Number of protein chains: 2
Amino acid sequence: MDDRVRRHAEILVDDCTEIQRGDMVEVRAPTEAEDLVVALYERLGARGARPVTRWANARAGRAYALQMDEDDYVTKEHALAAMEETDAVFLIGGGSNAFETSDVPPAKSQAGSRAHGPVLEERLGKRWVITQHPTAGGAQQAEMSTAAYEEFVYDAIDKDWDEQEAFQANMVELLDPADEVRVVSGDTTDVTMSVAGMDAANDCGDRNMPAGEVFTCPVPDSVEGEVLFDKPLIWQGVEIRGAWLRFEGGEVVDFSADQNEATLEGVLDTDEGSRRLGELGIGMNRDIDRFTYNMLFDEKMGDTVHMAVGGAIEECVPEGQPFNESATHVDMIVDMSEDSYIEVDGEVVQRNGTFVFEDGFEAE
Amino acid sequence: MDDRVRRHAEILVDDCTEIQRGDMVEVRAPTEAEDLVVALYERLGARGARPVTRWANARAGRAYALQMDEDDYVTKEHALAAMEETDAVFLIGGGSNAFETSDVPPAKSQAGSRAHGPVLEERLGKRWVITQHPTAGGAQQAEMSTAAYEEFVYDAIDKDWDEQEAFQANMVELLDPADEVRVVSGDTTDVTMSVAGMDAANDCGDRNMPAGEVFTCPVPDSVEGEVLFDKPLIWQGVEIRGAWLRFEGGEVVDFSADQNEATLEGVLDTDEGSRRLGELGIGMNRDIDRFTYNMLFDEKMGDTVHMAVGGAIEECVPEGQPFNESATHVDMIVDMSEDSYIEVDGEVVQRNGTFVFEDGFEAE
């Protein structure tokens, strides 16, 4: 086995989730990630943990959804019971075809998400990490050779996370005490939101691997303005391009997309909370130097901002602050590399992708 | 997809487990069985059931066991919690290498079995079926071409199970009211056991697919004599050849094997019940006309008898009868095609593989 796969497993088990003897562990992975699953099991055995693996099988998921009646989507009680007894979860991406579920009607994906809500909520209370095994399918998605894509993935993962944490702390210092954030890009995006009373989090390697963002939660009813998410996103096997949202009083009051608008509509119609923002994130991982059309990586790029419609993140919302509840959480990206800036309480903190605390920053 | 795969899924979902709307379903399968998993999901969607799949991954299991401390094998509480909320289980065989775990020390497999005991016990109280997807690995094990092996598997599965049930009912009639059974083969096997008060079961397509045996449980302390299991068995990736057991007062008091005796010893040492017989089975599926070194098929052959050390089977043991408890259940086969007979209460009911109710039977 490639040594980098073992190193990846070591980071996931020892650093991201700090697995202990007797921990009940759930791994979710597609067939194509078998090498990483084997390496994880090896490491989990060395730690004395007790794993089970759920097979993430998009072909089976599609075949099921096409036959399933929308009204029959109830919560999987056995999956929920298992999650309640679970200490740590490893979510591994890397299937062979990101579009495997592209012909599933949005209403069914939406019903599936709602039914999954309680399992998701339970999982969010555990130690968990989302990561990616580099496969030919992922490389194709990124428009790269498999070998080059492997290098890209492992470079983004196997890095000095302490140094990254220190770099990102600069942004946490600005965002954490802030009241208002404004994001402007070209003449298509100009949105303001309150983050007053929310906690900014430094994502440097526990729940996402690769990590590399600073994120917080907007006050749910405070978002005003419009955003053009100019980078595509793939949601449940469907590529949404050119998603555009207009907010009033925190709620999406108008929307469109250049491609697969019905899927975007399905996301927004999941439940009451899916029309509000649950997250504002600022990408800061400079080792991720290109778009690979995979949100886990794209949202960490230094020249991007992302916002998620749907559920807020517990660690950002202190007791007593308004928490946006939803069974979904869908990240979307704004490219901030040109003609763009982020303002915090009226002060520009990033212009054209360069932060105020980096060389080359220009205030005006 | 091969139509035979869909037909297989239909038999499993509609006939073996009679899946209903809202049923919580667990599938366990190796990667190589993906087509059958997809077909199952399609059928489960049509029935409105809610499935999860546990990935049976022998490579990962081996890597884990080699690192794991023997004392750290505790019950997987999340797997147990899931099983408690599960209505039906599909166990699918068909990996690429039956020997993938052949270098795991027996003591670890044994510790794993013990820890799994409560999950197994819980599963046995559900609707469940064990089946096989025909893969190149299975064909290699059977020493057949993949195409010929596929035909063999589907011929054994897609048959008239009502007719088979009627044929097997002849044997149930003999075995159910019986007090004593004696199995003799050559000069190496001569064993007697009481089955008084036990119920004989007609296996015609609910829990094994293919099915095709009549089985009962011996009274645990009644087994006397010796048995040479002259067909090999593969247990947790290890091939045991020439297993020989001698029973006194129901217990194995002496044993040997020509190959991998240590594995046999590990099985017998699992717990107190693993030194006693939990099952006596008589193969009756005439469509299985060759050994393929896969217990699911071999034990159903018309010319074989099998006995299992370990746990008894609930449906055979009425309330008040002694039940052999064990975390393991390992079937082993005696070839009855030559120089062999089965006696029930002193009367020969099978000679050289031919039953008393079949043409060509010779009493002497």
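So, here's what we can say about the structure. Model, not experiment: these values are computed from the prediction.

So, the overall build of chain A
Consideration 1: Looking only at helices and strands, chain A features 10 helices and 20 strands.
Consideration 2: A globule of 364 residues ought to have a C-alpha radius of gyration of about 21 Å, and chain A, at 20 Å, matches this closely.
Consideration 3: By principal-axis analysis of the C-alpha atoms, chain A measures approximately 55 × 50 × 45 Å.
Consideration 4: Looking at chain A as a whole, 55% of its 364 residues are labelled buried.
Consideration 5: Taking the intrachain contacts of chain A between residues at least 6 apart in sequence as the baseline, contacts between residues at least 24 apart amount to 73%.

Some thoughts on the pairing of strand S17 (residues 329-335) of chain A
All names here are of chain A.
Consideration 1: The buried fraction of S17 amounts to seven of the seven residues, a majority that puts the element mostly inside the structure.
Consideration 2: The two faces of S17 match: His329, Asp331, Ile333 and Asp335 on one face and Val330, Met332 and Val334 on the other face are all buried.
Consideration 3: Note that strand S16 (residues 304-310) and S17 share seven bridges and pair antiparallel. Looking at S17, one finds that Gly310 is bridged to His329.

Regarding the relation of the copies chain A and chain B
Consideration 1: Superposition of chain A onto chain B requires a rotation of 180° combined with a translation of 0.0 Å along the rotation axis, giving an RMSD of 0.0 Å. What the superposition gives is, in effect, a two-fold axis relating one chain to the other.
Consideration 2: Looking at the interface residues of chain A, 100% of them are also at the interface in chain B, so both copies use one shared face.

Some remarks on the sheet that holds strand S16 (residues 304-310) of chain B
Residues and elements named next belong to chain B.
Consideration 1: Pairing is antiparallel in the open sheet, where five strands are placed in the order S7-S9-S15-S16-S17. Of all the strands in the sheet, the pair left with one neighbour each is strand S7 (201-203) and strand S17 (329-335). For this sheet, the mean angle separating the axes of adjacent strands, direction not counted, is 25°.
Consideration 2: Note: strand S9 (residues 213-216) against strand S15 (residues 277-283), four bridges, orientation antiparallel. For Val214, the partnering residue across the bridge sits in S15 and is Ile282.

Quick word on unusual backbone geometry
Consideration 1: Cis peptide bonds are those with omega within 30 degrees of zero, and the linkage from Met209 of chain A to Pro210 of chain A qualifies with 5°.
Consideration 2: The phi dihedral of Glu143 of chain B falls on the positive side, at around 60°, and the residue is not glycine.
Consideration 3: In this fold, Glu143 of chain B is placed in the loop between helix H6 (136-142) and helix H7 (146-157).
Consideration 4: A positive phi is found at Gln236 of chain B, a non-glycine position, where the angle reads about 45°.
Consideration 5: Overall, Gln236 of chain B belongs to the buried group, with 23 C-beta atoms counted inside 10 Å.

Overview of the packing of helix H1 (residues 3-16) of chain A against helix H2 (residues 34-47) of chain A
The geometry of a pair of packed helices is captured by two quantities: the angle between their axes and the separation between those axes.
Residues and elements named next belong to chain A.
Consideration 1: Put simply, H1 and H2 touch, their axes get as near as 8 Å, and they point 50° apart. Overall, the two elements H1 and H2 adopt an arrangement that is oblique. Seen from above, H1 lies across H2 with right-handed handedness. Touching Val5, Arg6, His8, Ala9, Glu10, Leu12 and Val13 of H1 are Asp35, Leu36, Ala39, Leu40, Glu42, Arg43, Leu44 and Arg47, all from H2.
Consideration 2: A per-class count over the contact of H1 with H2 returns eight nonpolar, one polar and six charged.

Here's the deal with the pairing of strand S1 (residues 24-29) of chain B
Residues and elements named next belong to chain B.
Consideration 1: With six of six residues buried, S1 lies mostly within the body of the structure.
Consideration 2: Side chains Met24, Glu26 and Arg28 of S1 all project onto a buried face; the interleaved residues Val25, Val27 and Ala29 project onto the opposite face, where all are buried too.
Consideration 3: For S1 and strand S2 (residues 50-55), the ladder comprises six bridges, and the chain directions are parallel. Bridge assignment links Glu26 to a residue of S2, and that residue is Val52.

Thoughts on the interface of chain A and chain B
The extent of an interface is frequently quoted as the accessible surface area lost upon association of the parts.
Consideration 1: Each partner contributes to the interface: chain A provides 40 residues, whereas chain B provides 40 residues.
Consideration 2: Where the side of chain A that touches chain B is concerned, the elements lending two or more residues are strand S1 (24-29), H2, strand S2 (50-55), helix H3 (58-67) and helix H4 (77-84) of chain A.
Consideration 3: Take the side of chain A that touches chain B: its biggest share by element is eight residues, from H2 of chain A.
Consideration 4: Looking at the side of chain A that touches chain B, its residues break down into 18 nonpolar, nine polar and 13 charged.

Parameters at a glance
- In this convention, every chain numbers its residues from 1, walking through the sequence in written order.
- Chain letters and ligand numbers both follow the written order, the letters beginning at A and the numbers at 1.
- Selection of residues for local features in this predicted model requires a pLDDT of at least 70, selection of side-chain atom pairs for listing and counting requires 80 or more, and totals for whole chains, interfaces and linings are taken over all residues.
- Working definition: helices are DSSP H or I runs of at least four residues, strands are E runs of at least two. Numbering for both runs from the N terminus.
- Here the radius of gyration uses the C-alpha set of atoms, whereas the globule reference equals 2.2 Å times the residue count to the power 0.38.
- In this scheme every C-beta is placed from the backbone, and a residue whose C-beta has 20 or more other C-beta atoms within 10 Å is buried, one with 12 or fewer is exposed, and one in between is partly exposed.
- C-beta atoms are placed from the backbone for every residue, and two residues are taken to be in contact when these atoms lie within 7 Å.
- When DSSP finds two or more bridges between two strands, those strands count as paired.
- Only residues with pLDDT of at least 70 in both copies count here: their C-alpha atoms drive the least-squares fit that superposes the copies.
- Each axis is a line fitted through C-alpha atoms, and for a helix only the stretch in contact is used; angles between axes span 0 to 180 degrees, taken between their N-to-C directions.
- Should an angle fall under 35 degrees it is taken as roughly parallel, and over 145 as roughly antiparallel, whereas 65 to 115 is taken as roughly perpendicular and any remaining angle as oblique.
- Take the far helix as the reference: if the near one is turned anticlockwise from it by less than a right angle, the crossing is left-handed, and if turned clockwise, right-handed.
- For this classification, the nonpolar set comprises Ala, Val, Leu, Ile, Met, Phe, Trp, Tyr, Cys and Pro, the charged set comprises Asp, Glu, Lys and Arg, and every other residue, Gly included, is treated as polar.

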